[in-house]
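Spelled out from the first residue to the last, the chains are:
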Amino acid sequence: MNIQKVLVIGAGQMGGGIAQVCAQAGFDVKLNDIKEESYTKGIGIITKNLLRSVEKERMTEAEMEATLSRITMSLDLNDASDVDIIIEAAVENMDIKKSIFAQLDSIAPDHAILATNTSSLPITEIAAATKRPENVIGMHFMNPVPVMKLVEIIRGLATSDEVYKSVEDMTYQLAKTPVEVNDYPGFVANRILMPMINEAIYTLYEGVATVDAIDEVMKLGMNHPMGPLQLADFIGLDTCLYIMETLHEGFADSKYRPCPLLRKYVNAGWLGKKSGRGFYEYS
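Residues numbered from 1 in each chain as written. Predicted model: local features only at pLDDT ≥ 70, side-chain atom pairs only at ≥ 80, totals over all residues. Heavy atoms only, no water.

Stated formally: UniProt positions are given in the numbering used here, feature names are shortened, and annotations may be inferred rather than shown by experiment.
An unreviewed UniProt entry lists the chain under the name 3-hydroxybutyryl-CoA dehydrogenase, from Sporosarcina quadrami. Recorded in UniProt for the chain, the comment headed Pathway (unreviewed entry) runs: "Lipid metabolism; butanoate metabolism." The Sequence similarities (unreviewed entry) field of the UniProt record for the chain holds the comment "Belongs to the 3-hydroxyacyl-CoA dehydrogenase family."

Structure below.
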């Protein structure tokens, strides 16, 4: 399939990043959100990212302008009626995602690929909300999208080989590296990463060490660029909790039980960098 037109659903951190790399690769992109102010904020962050690339001489001003000209605002899912692929990057909630995919199923052209950027939810269950499960696939980008090279591509139970190949080819066009993953809770990235973060939170909860000490051990001892507690703050503690709950429910294994301290912070509204406070404080 020749993919040319893309609809990205969600103008937040992930959706905005996906829209940016698609536009940079030459695709025509509609960036969809339910609120115009969310789109405005998203396009502002994209512009800021591109300006930084111009300042660092990674792209010219003309290339920046061309990239921005390929992104248009969408406030209506009916804008999916003439695109080749939809990449959904809405909130990590199964009911919301199934509702979106059910709507897209009745709007998008028959040939359109319906991809989700979910970080942990079952692709097969999302696909079941449509009458075209063979066209549904997982396309899990890493954060920050413009920087990170990996894209986990997750087949649902019915995903066709043709759809997989089209998404794989598109990923290469985005200058990313696709890795095929089967449909299990958390896939590979978060099935390994989130229990590590959860265990780091347990070491804080049990008084083994301070926040700074835990992060220093992992940075200096394991050569991680960022400590697990700082990384959790950047991901969002609510997202970390949701993924741990998905793993715990999906495998029914106590090793995935979310740390009570993680749940306590989320209940307090301490969600990390986006709320101004998590394991660290942010001005």
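1. So, the environment of Ala-90
Selection criterion: Working definition: helices are DSSP H or I runs of at least four residues, strands are E runs of at least two. Numbering for both runs from the N terminus. Contact definition: two residues touch when any of their heavy atoms are within 4.5 Å.
Tracing the backbone shows Ala-90 in the loop between strand E4 (85-88) and helix H4 (94-107). Residues Ala-90 and Lys-219, spaced 129 residues apart in sequence, show a C-alpha to C-alpha distance of 31 Å. Not counting residues up to four positions away in its chain, the partners in contact with Ala-90 are Ile-9, Lys-97 and Ile-100.

2. A few points about the UniProt feature "domain: 3-hydroxyacyl-CoA dehydrogenase C-terminal" (unreviewed entry) in the chain
The positions UniProt marks with the feature "domain: 3-hydroxyacyl-CoA dehydrogenase C-terminal" (unreviewed entry) are residues 186-282. Structurally, residues 186-282 comprises 62% helix and 0% strand, and the distance from its first C-alpha atom to its last is 28 Å.

3. Side note on the pairing of strand E1 (residues 5-9)
For the record, the criterion: Here the term buried applies to any residue with accessible area under 20% of the maximum for its type, exposed to any over 50%, and partly exposed to those in between, with areas from a 1.4 Å probe on protein chains only. Two strands qualify as a pair provided DSSP detects at least 2 bridges between them. When the strands point away from the viewer, a crossover counts as right-handed if the path from the first strand over the helix to the second runs clockwise.
In terms of burial, E1 is largely enclosed, as four of its five residues are buried. Bridge count for E1 against strand E2 (residues 28-32) is five bridges, and the pairing is parallel. Residue pairing in the sheet places Lys-5 in a bridge with Asp-28 of E2. With helix H1 (residues 13-24) bridging E1 and the parallel E2, this β-α-β connection has right-handed handedness.

4. Looking at the packing of helix H8 (residues 211-222) against helix H9 (residues 228-235)
Filter applied, for reference: To define axes, lines are fitted to C-alpha atoms, for helices over the stretch in contact only, and angles between the resulting N-to-C directions are given on a 0 to 180 degree scale. Note on terminology: angles under 35 degrees are roughly parallel, angles over 145 are roughly antiparallel, angles of 65 to 115 are roughly perpendicular, and the others are oblique. We call Asp, Glu, Lys and Arg charged. Ala, Val, Leu, Ile, Met, Phe, Trp, Tyr, Cys and Pro are nonpolar, and the rest, Gly among them, are polar.
Taken N-terminus to C-terminus, the directions of H8 and H9 make an angle of 105 degrees; their axes are 7 Å apart at the nearest point. On the basis of the axis angle, H8 is roughly perpendicular to H9. Along its contact with H8, which presents Val-211, Ile-214, Asp-215 and Met-218, the element H9 presents Pro-228, Leu-229 and Gln-230. Among the residues making up the contact of H8 with H9, the classes are represented as five nonpolar, one polar and one charged.

5. A few points about a positive patch on the surface
Note the following rule: Exposure above 30% relative accessible area and no salt bridge define the residues that can form patches, which grow by joining like charges within 9 Å and nonpolar side chains of Val, Leu, Ile, Met, Phe, Trp and Tyr within 5 Å. Here the open area of atoms and residues is found with the Shrake-Rupley method and a 1.4 Å probe, where only the protein chains shown may cover a residue. Any Lys or Arg side-chain nitrogen located within 4 Å of an Asp or Glu carboxyl oxygen qualifies as a salt bridge. Just so you know, the count uses Lys and Arg for positive and Asp and Glu for negative, and it drops His and the chain ends. By convention, the point assigned to a charge is CZ for Arg, NZ for Lys, CD for Glu and CG for Asp.
Positive charge collects at one region of the surface, where Lys-48, Arg-52, Lys-56, Arg-58 and Lys-273 lie side by side. Here Lys-56 is to be found in the loop between helix H2 (36-55) and helix H3 (61-69). Under the relative-accessibility criterion, Lys-56 is labelled partly exposed at 47%.

6. As for the packing of helix H10 (residues 237-251) against helix H11 (residues 260-267)
Quick note on the threshold: Here a crossing is taken to be left-handed if its near helix is turned anticlockwise relative to the far helix by less than a right angle, and right-handed if that turn runs clockwise.
Viewed as axis vectors pointing N to C, H10 and H11 meet at an angle of 135 degrees, and their least axial separation amounts to 9 Å. Considered as vectors, H10 and H11 are oriented oblique to each other. Crossing hand, H10 versus H11: left-handed. Contacts between H10 and H11 involve Leu-237, Asp-238, Cys-240, Leu-241 and Glu-245 from the former and Leu-262, Arg-263, Tyr-265 and Val-266 from the latter.

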